[in-house]
Amino acid sequence: MNAIWKPTQLQQKRRRRNRQILWMAITLVFIFGLFLLSPDSPSPNRVTTDEPLQADTPPTAEQTPAATTPPLVSDHIVQRTIEPGDNLSAIFDSVKIHQSILLQILAADESLLALDILRPGNTLTFSRDKETRELVKMELYIHPAHQVIYHRVDENSFDYNEIVLPGTWEQQLLSGEIEGSFYQSALSIGLSEQETGNITDLFKNKVNFSRDIRAGDHFQVVRNLQLIDGKLTGQSHIEAVRIFSRNQHYTAFLYEDGNYYDDRGESLGRAFQRYPFKGHHRVSSNFNLARRHPITKRISPHKGVDFAMPVGTPIYSTGDGVVTRVKNHRYAGKYVEIQHDGRYLTRYLHLSRITVKRGQKVQRGERIALSGNTGRSTGPHLHYELHVKGKAVNPLKAKIPMAASIPKEKFQEFQQKAAELISLMEQPRFDLVGI
Ligand SMILES: [Zn+2]
């Protein structure tokens with residue numbers, strides 16, 4: 001019962017919080033409007049300068065985590081909240097930090113690529129040295145459980161620390177009946193577009209959502225929500241799904257290997273292939289998280305494997321998935337990122353030509369690009385990364401989903417976990433109302 005009630009309170013909290021943020025934003029817009037209209041108020045540019053915070057400026061950052069946060073925290077610390085259409089170069093200009101410093105930070109970010117996707121609401125906090133006024137630190141705040149701190153190590157370079165907090169996870173049960181399409185019905189019970197897309201992808205080989213699912217059928221989803229200090233971070237993952245159609249039922253359970261299996265332990269995801277190319281290419285640099293840079297002697301992780309190959313070698317997606325990034329990075333070069341079923345992600349760097357678009361669905365073995373030598377590269381090669389649950393792993397050694405079912409020795413454990421999730425979903429129906 002406990003597990004059922006918590007989510008209700010959680011959701012109410014979230015709704016309350018969303019309302020509060022909305023009102024705060026409206027109030028701030030109003031105050032800011034008055035501020036601009038006032039004849040003797042300083043020019044709006046003033047807000048982005050390095051001068052101390054004025055007493056009559058709007059509230060401080062901690063009261064307004066999003067949108068209209070004033071950029072100034074103190075005379076040597078400036079904060080900027082990312083807004084739609086923002087780009088790093090313009091942000092650096094607005095806080096009067098030279099573009100050469102941005103390049104130093106981008107060089108440090110090459111192995112993380114966290115700065116390549118800035119979402120509205122993320123914040124950047126720039127800290128200068130009090131005496132020299134030089135930038136010594138830039139903090140990227142992505143969400144409460146994920147931050148990256150870029151800090152200066154010498155005159156010409158920065159390094160980073162990535163902070164990933166595990167937080168706590170709360171289970172939430174969502175339940176609905178089909179009215180119209182599955183897609184609409186899933187959104188109406190509070191699943192996001194992405195989660196709904198993940199669910200339809202998960203069952204794509206088993207269920208034809210327009211033919212097999214009809215009005216009156218019902219479905220259940222167990223979702224895990226991440227909290228830090230009792231606050232939702234916005235991160236979630238689907239742990240179980242059941243869909244009951246007229247004469248069939250379909251199940252999916254997330255297992256510890258990051259893949260989804262049905263109640264008989266059969267994998268729902270398709271297998272991965274080990275290499276993103278055909279034939280053989282020599283490994284020119286191995287995966288090594290403790291690699292020391294030959295010149296700076298600092299730890300400079302190599303989060304992928306480099307394969308030497310001539311420019312123009314066809315590159316294939318190693319699994320089914322959706323293209324989440326098509327980018328051109330000064331140091332990583334032209335690259336593609338693909339999000340796969342479960343919690344896998346792959347990246348392909350230094351390409352010469354990319355043949356897919358962001359948002360496009362790709363299949364295992366589908367050509368996505370031609371290899372190249374773009375970005376900071378010492379010769380034609382492919383840098384290939386595999387991430388599992390947000391962490392880069394050795395793509396040559398990682399256990400990738402090759403097996404089509406849960407191994408025999410793990411089956412009992414899997415069944416027990418699935419049974420727990422099923423019993424959660426089988427709580428009396430009145431308990432589900434309002435969730
Ligand atoms: Zn590499």
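Residues numbered from 1 in each chain as written. Predicted model: local features only at pLDDT ≥ 70, side-chain atom pairs only at ≥ 80, totals over all residues.

1. Observations regarding the overall build of the protein
A tally of helices and strands in the protein yields six helices and 21 strands. The buried share of the protein, reckoned over its 435 residues, is 29%. (Helix = DSSP H or I, 4+ residues; strand = E, 2+ residues; numbered from the N terminus. Buried ≥ 20, exposed ≤ 12 C-beta atoms within 10 Å, placed from the backbone.)

2. Focus on the nonpolar core
If you look at the biggest cluster of nonpolar residues, it comprises 26 residues, and the most contacted ones within it are L202, V221, A240, V241, A252, F253 and Y260. Listing elements by their share of this core, those giving two or more residues are β7 (168–177), α4 (182–188), α5 (193–202), β8 (218–228), β9 (231–244), β10 (249–254), β11 (260–261) and α6 (411–425). When residues of this core are assigned to their parent elements, the largest contribution, four residues, is made by β9. If you look at the next biggest cluster of nonpolar residues, it comprises 20 residues, including L113, Y344, Y348 and I354. (Core = buried A, V, L, I, M, F, W, Y, C linked by C-beta atoms within 7 Å.)

3. Describing unusual backbone geometry
Leaving glycine out, the prevailing phi sign among residues is negative, and the prevailing peptide bond configuration is trans. At K96, a residue that is not glycine, the phi angle is positive and equals roughly 60 degrees. Along the polypeptide, K96 turns up in the loop between α2 (88–94) and α3 (99–108). Phi angles above zero are rare outside glycine, and D229 is one such case at about 50 degrees. Within the secondary structure, D229 sits in the loop between β8 and β9.

4. Things to note about the sheet that holds β11
Spatially, the five strands line up as an open sheet ordered β7-β8-β9-β10-β11, and their pairing is antiparallel. Because the sheet does not close on itself, it has two edges, and the strands there are β7 and β11. Pairing of β10 with β11 involves two bridges; the strand directions are antiparallel. Bridged to F253 within β11 is Y261. Most of the contacts of α5 go to β9, to which it runs at about 30 degrees, and overall it touches β9, β10 and β11. Lying over the sheet, α6 contacts β7, β8, β9, β10 and β11, oriented at roughly 105 degrees with respect to β8. (Pairing = 2+ DSSP bridges. Contact = placed C-beta atoms within 7 Å. Axes fitted to C-alpha atoms, helices over the stretch in contact; angles between N-to-C directions.)

5. Here we look at the environment of A114
Mapping A114 onto the fold places it in the loop between α3 and β3 (123–128). In this structure, the C-alpha to C-alpha distance between A114 and E162, residues 48 residues apart in sequence, is 9.5 Å. If sequence neighbours within four positions are ignored, A114 has contacts with D109, L140 and V148.

6. Details of α5
Every buried residue of α5 is listed here: T196, N198, I199 and L202. Relative to the axis of α5, the buried residues are bounded by an arc of 160 degrees and lie together on one face. Projecting away from the buried face of α5 at angles above 90 degrees are the exposed residues E193 and Q194. In this structure, the buried side of α5 is in contact with α4, β9, β10 and β11. (Arc of directions from axis to C-beta.)

7. Some thoughts on the environment of K357
Tracing the backbone through its elements, the reader meets K357 in the loop between β17 (344–354) and β18 (361–362). Judged by C-beta crowding, with 8 C-beta atoms within 10 Å, K357 ranks as exposed. Measuring from C-alpha to C-alpha, the distance between K357 and R325 comes to 8.2 Å, with 32 residues separating the pair along the chain.

8. Quick look at the pairing of strand β5 (residues 146–154)
Across six bridges, strand β4 (residues 135–143) lies against β5 in antiparallel orientation. Note on β5: the bridge partner recorded for M138 is Y150. Where β4 folds back onto β5 in an antiparallel hairpin, the turn is made up of two residues. Judged from the eight bridges that link them, β5 and strand β6 (residues 157–164) form a sheet pairing that is antiparallel. What sits directly across from H151, in β6, is D159. Here β5 folds back onto β6, and the loop between the two strands holds two residues.

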